[in-house]
Amino acid sequence: MTPADIAASILRILASLQASGSLVAGELPADVTVERPKNRDHGDWATNIAMQWGVKLAGNPREFATLLAAELGKEPGVEKVDVAGPGFINITLSAAAAGELAKQIVLAGNAFGTGSDLLGLKMNLEFVSANPTGPIHIGGTRWAAVGDSLARIFEAQGATVTREYYFNDHGAQIDRFARSLVAASRNEAAPEDGYAGEYINQIASEVLVQHPDAATLPDEEAIETFRAAGVDLMFAEIRKSLEDFGVHFDVFFHENSLYESGAVQKAIERLRTLGHIYELDGAIWLRSTTFGDDRDRVVIKSDGEAAYIAGDLAYYLDKRERGFDRAIYMLGADHHGYVQRMMAMCAAFGDEPGVNLEILIGQLVNLVKDGEPVRMSKRAGTVVTMEDLVEVVGVDAARYALTRSSINSMLDIDLDQLSKKTNDNPVFYVQYAHARTKQVSNNAVSLGVDDSEFDPALLTHASESELLGKLAQLPKVMAHSAVERAPHLVARYLEEVAGAYHRWYDNCRVTPLSEQPVESVHRTRLWLNNAASVVLANGLRVLGVSAPERM
RNA sequence: GCGCUUGUAGCUCAACGGAUAGAGCAUCUGACUACGGAUCAGAAGGUUGGGGGUUCGAGUCCCUCCAAGCGCACCA
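Residues numbered from 1 in each chain as written. Chains lettered and ligands numbered in written order. Predicted model: local features only at pLDDT ≥ 70, side-chain atom pairs only at ≥ 80, totals over all residues. Heavy atoms only, no water.

Engineer: What is the right way to read the overall build of chain A from this model?
Structural biologist: Regarding its fold elements, chain A presents 19 helices and 15 strands. Its C-alpha atoms put chain A at 85 × 65 × 40 Å along the principal axes. Taking the intrachain contacts of chain A between residues at least 6 apart in sequence as the baseline, contacts between residues at least 24 apart amount to 72%. When the accessible surface of chain A is totalled, it reaches about 24,500 Å², and 50% of it is carbon and sulfur. Each charge sign in chain A was given a centre, from 51 positive and 75 negative side chains, and these centres are 4 Å apart. (Helix = DSSP H or I, 4+ residues; strand = E, 2+ residues; numbered from the N terminus. Contact = heavy atoms within 4.5 Å. Areas by Shrake-Rupley, 256 points an atom, 1.4 Å probe, with all protein chains shown as cover. Lys, Arg positive; Asp, Glu negative; His and termini not counted. Charge placed at Lys NZ, Arg CZ, Asp CG, Glu CD.)

Engineer: Sorry, what's going on with the packing of helix 2 (residues 49–58) against helix 3 (residues 61–72) here?
Structural biologist: The description of two helices packed together rests on the angle between their axes and the distance between the axes. For the pair helix 2 and helix 3, interaxial distance at closest approach is 7 Å and the crossing angle is 100°. It follows from the interaxial angle that helix 2 and helix 3 lie roughly perpendicular. Counting all contacts with helix 2, which are made through Ile49, Ala50, Met51, Trp53, Gly54, Val55, Leu57 and Ala58, the residues of helix 3 involved are Pro61, Glu63, Phe64, Ala65 and Leu68. When grouped by side-chain class, the residues that make up the contact of helix 2 with helix 3 number 11 nonpolar, one polar and one charged. (Axes fitted to C-alpha atoms, helices over the stretch in contact; angles between N-to-C directions. Parallel < 35°, antiparallel > 145°, perpendicular 65-115°, else oblique. Nonpolar A, V, L, I, M, F, W, Y, C, P; charged D, E, K, R; others polar.)

Engineer: Any chance you could explain the pairing of strand 8 (residues 277–280) here in plain terms?
Structural biologist: Walk down a regular strand and you will see the side chains alternate between the two sheet faces. Of the pairings in the sheet, the one linking strand 8 to strand 9 (residues 283–286) comprises four bridges and is antiparallel in character. Opposite Tyr278, over in strand 9, you have Trp285 as the bridge partner. Where strand 8 hands over to strand 9, the hairpin turn is made up of two residues, of which Asp281 adopts a positive phi near 55°. (Pairing = 2+ DSSP bridges.)

Engineer: What is the right way to look at the pattern of salt bridges in this model?
Structural biologist: Going through the model one piece at a time under the given rule, you end up with 31 salt bridges. The partner of Glu126 in a salt bridge is Lys319, and the shortest N-O contact between them spans 2.8 Å. Here Lys319 lies in helix 11 (residues 308–321) and Glu126 lies in strand 5 (residues 122–126), a separation of 193 residues in the sequence. As a salt-bridge pair, Arg163 and Glu155 come within 3.0 Å of each other at their nearest N and O atoms. For Glu155, a relative accessible area of 33% corresponds to the partly exposed category. A single network of salt bridges, built from pairs that share partners, joins Asp148, Arg152, Glu155, Arg163 and Arg399. (Salt bridge = Lys/Arg side-chain N within 4 Å of Asp/Glu carboxyl O. Buried < 20%, exposed > 50% of the residue type's maximum accessible area, 1.4 Å probe, protein only.)

Engineer: What exactly am I supposed to notice about the protein's contact with RNA strand B here?
Structural biologist: Near RNA strand B, the surroundings consist of 64 residues, among which Lys301, His336, Tyr338, Asn443 and Arg492 are the closest. Sugar plus phosphate: this is where 59% of the atoms of RNA strand B within 4 Å of the protein reside. One nitrogen or oxygen atom from the side chain of Tyr429 is found 2.5 Å from a phosphate oxygen belonging to RNA strand B. Cys508 is positioned such that a nitrogen or oxygen atom in its backbone is 2.8 Å from a base nitrogen of RNA strand B. For the surface near RNA strand B, the residue count by class is 25 nonpolar, 23 polar and 16 charged. (Near = heavy atom within 4 Å. Polar contact = N/O pair within 3.5 Å; in protein donor to acceptor, adjacent residues only side chain to side chain.)

Engineer: Explain the packing of helix 8 (residues 219–244) against helix 13 (residues 386–403) to me, please; I cannot follow it from the model alone.
Structural biologist: Their axes nearest at 11 Å, the elements helix 8 and helix 13 cross at an angle of 20°. Classified by the angle between their axes, helix 8 and helix 13 sit roughly parallel to one another. The handedness of the crossing between helix 8 and helix 13 is left-handed. Of the residues in helix 13, those in contact with Glu237, Ser241, Leu242 and Asp244 of helix 8 are Met386, Glu387 and Val395. Taken together, the residues of the contact of helix 8 with helix 13 sort by class into three nonpolar, one polar and three charged. (Left-handed = near helix turned anticlockwise from the far one by under 90°.)

Engineer: Please clarify how the sheet that holds strand 5 should be interpreted in this entry.
Structural biologist: The strands making up a sheet associate through hydrogen bonds between their backbones, and the pairing can be parallel or antiparallel. Strand order in the open sheet formed by five strands is 7-6-5-11-12, and the pairing between neighbours is parallel. In this open sheet, the two edge strands, each paired with only one partner strand, are strand 7 (251–254) and strand 12 (357–362). If you compare each strand with its neighbour and ignore which way they point, the axes differ by 25° on average. With six bridges joining them, strand 11 (residues 326–332) and strand 12 adopt parallel strand pairing. Each bridged residue has a counterpart across the sheet, and for Ile328 the counterpart in strand 12 is Glu358. Relative to strand 6 (residues 160–167), helix 5 (residues 138–156) is tilted by about 155°, and along the sheet it contacts strand 5, strand 6, strand 11 and strand 12. On the sheet, helix 12 (residues 338–348) packs against strand 11 and strand 12 and is oriented at approximately 175° with respect to strand 12.

Engineer: Honestly, the packing of aromatic side chains in this entry has me stumped. Any pointers?
Structural biologist: One pair of aromatic rings is described through two measures. These are the centre distance and the angle between the planes. Under the criterion given, the structure shown has 14 aromatic pairs. One aromatic cluster is present, formed by Phe127, Tyr165, Phe167, Phe235, Phe249 and Phe252 through successive ring pairs. One cation-aromatic arrangement involves Lys122 over Phe324; the distance from NZ or CZ to the ring centre is 4.8 Å. One cation-aromatic arrangement involves Lys319 over Tyr329; the distance from NZ or CZ to the ring centre is 3.7 Å. (Phe/Tyr/Trp six-rings, centres within 6.5 Å; stacked < 30°, edge-to-face > 60°. Lys NZ or Arg CZ within 6 Å of the ring centre and 35° of its normal.)

Engineer: When you look at the environment of Ser533 in this model, what are you seeing that I'm missing?
Structural biologist: Mapped onto the secondary structure, Ser533 falls in helix 19 (residues 520–543). The class for Ser533 is buried, based on a relative accessible area of 6%. As for Ser533 and Ser205, which are separated by 328 residues in sequence, their C-alpha atoms are 50 Å apart. Setting aside anything within four residues of it in sequence, one finds Ser533 in contact with His434, Thr437 and Lys438.

Engineer: Would you mind showing me how to read the environment of Ala190 here?
Structural biologist: Examined against the element boundaries, Ala190 turns out to sit in the loop between helix 6 (172–185) and helix 7 (198–210). For the pair formed by Ala190 and Val497, sequence separation is 307 residues and the distance between their alpha carbons is 52 Å. Dropping the residues within four chain positions of it, Ala190 is found in contact with Ala183, Tyr195 and Ala196.

Engineer: Which parts of the structure should I look at to understand helix 8?
Structural biologist: One turn of the α-helix equals 3.6 residues, which is why residues spaced by three or four share an orientation. Taking 1.5 Å per residue as the helical rise, helix 8 with its 26 residues ought to reach 38 Å, and the 36 Å between its terminal C-alpha atoms agrees with that figure. Of the residues one or two after helix 8, Gly246 is the one with positive phi, at around 85°. (Expected span 1.5 Å × (residues − 1).)

Engineer: Please clarify how the nonpolar core should be interpreted in this entry.
Structural biologist: Core analysis: the biggest nonpolar cluster contains 137 residues, and Phe64, Ile89, Leu93, Phe154, Tyr165, Leu242 and Leu471 have the highest contact counts within it. Ranked by size, the runner-up nonpolar core spans 33 residues in total, among them Ile309, Tyr315, Met342 and Leu357. (Core = buried A, V, L, I, M, F, W, Y, C linked by side-chain atoms within 4.5 Å.)

Next up, the structure:
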């Protein structure tokens with residue numbers, strides 16, 4: 001019996017109580033929260049439904065709880081129901097009913113933990129989108145890890161997710177990048193506002209391999225040559241880093257294409273038709289204040305050049321026209337000023353802000369050295385790239401470390417500490433638990449413990465109850481993390497599962513001690529062991545972290 | 001000045017408005033002639049930045065003050 005089963009039973013009982021006149025007529029709850037109490041004295045599962053609905057349906061919470069508890073106690077598999085405090089309903093299951101879950105999990109396999117909350121929804125998730133003027137640094141790496149994990153979580157709820165990278169290959173930053181390459185190829189100092197660093201020299205020399213005469217071309221031609229070839233090379237490097245990191249983008253969208261295709265003009269015309277465009281001082285403006293922005297925005301500057309937002313307009317429209325119900329942008333905190341104007345833009349197109357367009361703002365990553373914050377600077381050579389991080393700790397540890405914290409909080413990364421003491425990364429605790437489930441399973445099979453028998457009433461140890469309780473929560477955790485756009489909830493949950501598993505392992509043997517016979521309890525525990533294996537593997541999968549069989 | 005985010009154990013961080021605020025690391029004490037000790041058991045560690053409010057109940061919601069990060073362009 002799962003918490004979802006209990007919730008369903010409660011809803012059925014409430015309808016029945018109301019039909020028989022025991023409860024006041026009227027609206028009934030559509031959903032019931034059933035959660036694991038922190039304190040095990042409060043039973044296996046608890047609900048606060050009486051505090052939320054008791055006054056309305058029965059005059060007071062205790063009265064309501066008592067009525068409900070009496071009926072709930074008659075449900076098969078329910079051993080005991082208590083009413084506590086202001087109206088908590090505490091439910092204790094029989095060992096057999098609680099243990100049944102182990103078999104359900106094993107039979108569900110990879111599907112355990114998935115849901116259908118987002119079934120049929122077409123989502124576009126844009127993340128990273130770092131400019132191709134340098135390698136992806138540690139900040140962008142955080143979005144790569146979190147964004148990809150989020151996509152996996154949405155997919156587990158039935159959504160169709162397109163992972164998209166907005167490739168900014170238009171505008172002044174690219175010009176600076178090109179001029180920096182030209183300078184490097186001529187052994188000149190980098191331009192004042194340009195980029196420097198070993199990677200610039202490398203790219204420049206690679207361009208020279210392709211175009212041996214590029215450095216000696218006239219400036220205009222040289223810049224154009226280095227721009228085209230340099231961006232391609234940088235882009236290829238970024239793409240490779242991401243793939244090595246386990247993040248696969250379905251679409252790399254080139255900003256430049258919006259200008260070449262006329263999409264920008266089209267978007268502006270659409271807004272003009274809708275009456276949200278005006279001209280002033282020779283520039284073309286979007287009247288975004290109509291939709292809550294704190295000022296109107298220039299779309300086409302008075303010199304005729306497009307402002308940055310012009311691309312955003314066209315890009316958003318393009319996403320919607322490609323059939324996405326939701327366009328989600330993940331941006332760093334240094335871009336949070338965009339939110340208001342982007343939402344205004346969304347509304348100007350007649351869409352619903354927060355629904356069709358959603359913007360997730362994540363706080364930045366701080367680089368820390370010897371306890372002191374270090375500002376990442378390309379000139380100072382203190383930039384830590386995705387590749388640096390992976391080289392030091394590996395993909396699994398890197399992704400886990402970047403994903404296990406809420407994106408709302410700043411993250412400190414100390415490379416020296418990570419490289420010295422990798423054990424303090426909880427990913428190993430979780431992975432070890434998974435490896436242990438596999439070793440236990442292998443040992444069991446080789447020693448004659450098979451899964452031919454399953455008697456859940458034998459799963460009576462306190463650590464078994466605790467483990468089963470944790471395992472039962474995967475579906476809810478996954479669904480909740482999708483709603484909250486918070487992959488870190490899955491990571492934290494896995495740490496709890498791993499702890500529960502290790503404690504169980506310490507108390508309950510799957511294989512009997514030598515010379516002892518194999519009994520029903522061992523075969524049944526093998527199911528529980530394998531259920532833990534499934535939960536850990538399914539959770540690690542959505543985090544993009546491997547579930548090793550041995551470490 | 002205005003806005004977004006944050007403030008929880010020595011450190012890094014958790015906690016659908018729920019019951020005694022939890023993990024890991026670090027510290028201390030224990031446990032293998034046991035399916036892998038990358039483990040487990042225990043101890044210690046807190047006025048959830050301060051102050052008000054909302055309610056059966058607040059780390060969580062509202063107001064205010066303090067502190068930190070990041071933003072407030074016809075830059076991208």
